[in-house]
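Residues per chain, in single letters:
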Amino acid sequence: MDLILASQSTTRRRILNVARINARFMSPLIDEENIKKALIADQALPRDIADTLAEHKALKVSRKNLKSWVIGCDQILVFMGEIFGKPSTPEALKDILSRLSGKTHRLVTANVIYKDGKPHWRHVSISHMSMRSITAIEIDDYVEAHWPVVKHSAGGYHFERTPDLFSSVRGNWFDIMGLSIDPIIRFLNQNQTGRPFQTPRLAAVLGHPIAQSKSPLMHGHWLQKNHISGDYIAIDIPPMRFNTTVRTLFDVGFSGFNVTIPHKEQALAFADDMSSRAHRIGAANTLIKMDSGKISADNTDGYGFMTNLALQSNTWQPSAGPSLVLGAGGAARAVLVALLDAGAPKIYLCNRTQARAENLATDISDRVEVIDWQNKVNVLPEVVTVVNSTSLGMTGKPALQFDLTNVNPNALVTDLIYAPLETQLLKDARARGCEVVSGIGMLLHQGVPGFEAWFGSRPVVDEELEALVLT
Ligand code: NAP
């Protein structure tokens, strides 16, 4: 089937790509503003205006590509009976946001499909977008951060980048993005032979900040490799807005999320149910919408840590002797639970801020013994596992000063850090004959359970993925 999307929007192109629908893209040059003005003067309804504009675009492209199916699209924002355009200046953007603040507006999305210059299918959806109350200072900050990127969007926002602007949304993610992919897929499946297209499933990683996350690269690779119709994006959510925004994202159709700093504790509290490992760790890195509609929380960091070590070493037995864990942050919690579950008889826990280590030990198990940060070298001869779960030694952070002279050469030494891939700790341990494992495998393996739950296929961790994530 030769399909053309008559739209300049990169978001709509991405939707077809993630739905694994091959299409060509063409810009439909029509006099949109004048057509719209004439329709408004004729008192046309908003849905008819959007539908007519989508038709004009599809017709223009269809006339020059008679044998192709052509999708035309339009989207308009309606507030109190008025149609809002795209902001032409930062001042216009401020004006739009101050009027939409605290109120509900509608996004009308029209899609049509033409062939041989004639309409074959049409669809209009209406999404109800309730914007939270935004102060004048917040509006100024928003304009400074987002102008001019949002100047081509009705309403001056990109829902996918700032969903926290909304207190609630009644609608579907793809309708809001401007392409109603589910009904389009139904039409295409009825009119083509071959493998049926599937509605894309959605997942994301949520954090603050989030731009540095490797997760979209990793999950994007798995979606591609497994030919799955789906998308995985990164969304920055400020901590104060976590609960409302996650609820909104589930409401518009997300299957689940990875959650990273600083939201892991909030994610656990948000969920209706939790796995026992998430409960024991006291934090979640994965949220899954179950068939029942309930939200389940899991923590896969310990799973990733343990799977990585088990696959990298043939000889390591965590039950063969005590472990030493440096650090008492979120990652250390997951490591302690994983090591205890794997049979570690005793764990020495050691952190710069000793009180934090003591609280953690009290929370987790009496098999965890806190030792002074200065005394960590003393236990080196007896431990069979050494784990660095501090951020020391990471590129851009201070070095981890740790003299391994007395380390047991049969111990396995691992660092959760993967930038650099081989930290000074691992270099020193290797020089003393220890088996060493870098943190990259933990990162890759912790993503597996979430991907399987959201997209229905268990992904493979291999060298190709590792190389991709490390570039
Ligand atoms: P976190 O909660 O912020 O904890 C940071 C830890 O590092 C704390 O124990 C902290 O000690 C210690 N620390 C920081 N600066 C220090 C310094 N100058 N001297 C001594 N100790 C210092 O972070 P996290 O989530 O646990 O992550 C810890 C590390 O693990 C990070 O490097 C992270 O990238 C890595 N990680 C890797 C993976 C993976 O998949 N490979 C997964 C999770 C985390 P205080 O308590 O004294 O501040």
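Calculation rules
Residues numbered from 1 in each chain as written. Predicted model: local features only at pLDDT ≥ 70, side-chain atom pairs only at ≥ 80, totals over all residues. Heavy atoms only, no water. Buried < 20%, exposed > 50% of the residue type's maximum accessible area, 1.4 Å probe, protein only. Helix = DSSP H or I, 4+ residues; strand = E, 2+ residues; numbered from the N terminus. Arc of directions from axis to C-beta. Phe/Tyr/Trp six-rings, centres within 6.5 Å; stacked < 30°, edge-to-face > 60°. Lys NZ or Arg CZ within 6 Å of the ring centre and 35° of its normal. Pairing = 2+ DSSP bridges. Axes fitted to C-alpha atoms, helices over the stretch in contact; angles between N-to-C directions. Parallel < 35°, antiparallel > 145°, perpendicular 65-115°, else oblique. Left-handed = near helix turned anticlockwise from the far one by under 90°. Contact = heavy atoms within 4.5 Å.

Draft legend 1. A look at helix α14 (residues 354-364). Those residues of α14 lying buried are Ala357, Leu360, Ala361 and Ile364. The buried side chains of α14 occupy one side of the element, clustering within an arc of 100 degrees when seen end-on. Those residues of α14 that are exposed and aimed more than 90 degrees away from the buried face are Asn359, Thr362 and Asp363.

Draft legend 2. Quick peek at the packing of aromatic side chains. Under the counting rule described, the total for this entry stands at 15 aromatic pairs. Geometry around tryptophan 373 places lysine 376 over its ring, the cationic atom sitting 3.9 Å from the centre. The positively charged end of lysine 376 is found above the aromatic ring belonging to phenylalanine 402, 5.6 Å away from the centroid.

Draft legend 3. Here's a closer look at the sheet that holds strand β12 (residues 286-289). Strand order in the open sheet formed by six strands is β9-β8-β10-β12-β13-β11, with mixed pairing between adjacent strands. The sheet is open, and its two borders are formed by β9 (230-236) and β11 (273-274), each paired with just one other strand. Where β12 lies against strand β13 (residues 295-298), four bridges are found, and the strand directions are antiparallel. Within β13, the position partnered with threonine 286 by the bridge is aspartate 298.

Draft legend 4. Representation of the packing of helix α8 (residues 215-225) against helix α17 (residues 448-455). Contact pair α8 / α17: the axes reach a minimum separation of 11 Å and the direction vectors enclose 50 degrees. Viewed along their axes, α8 and α17 adopt a mutual orientation that is oblique. By crossing handedness, the relation of α8 to α17 is classed as right-handed. Between α8 and α17, the residues in contact are His219, Trp222 and Leu223 and Val448, Phe451, Trp454 and Phe455, respectively.

None of this, on its own, says anything about what the molecule does.
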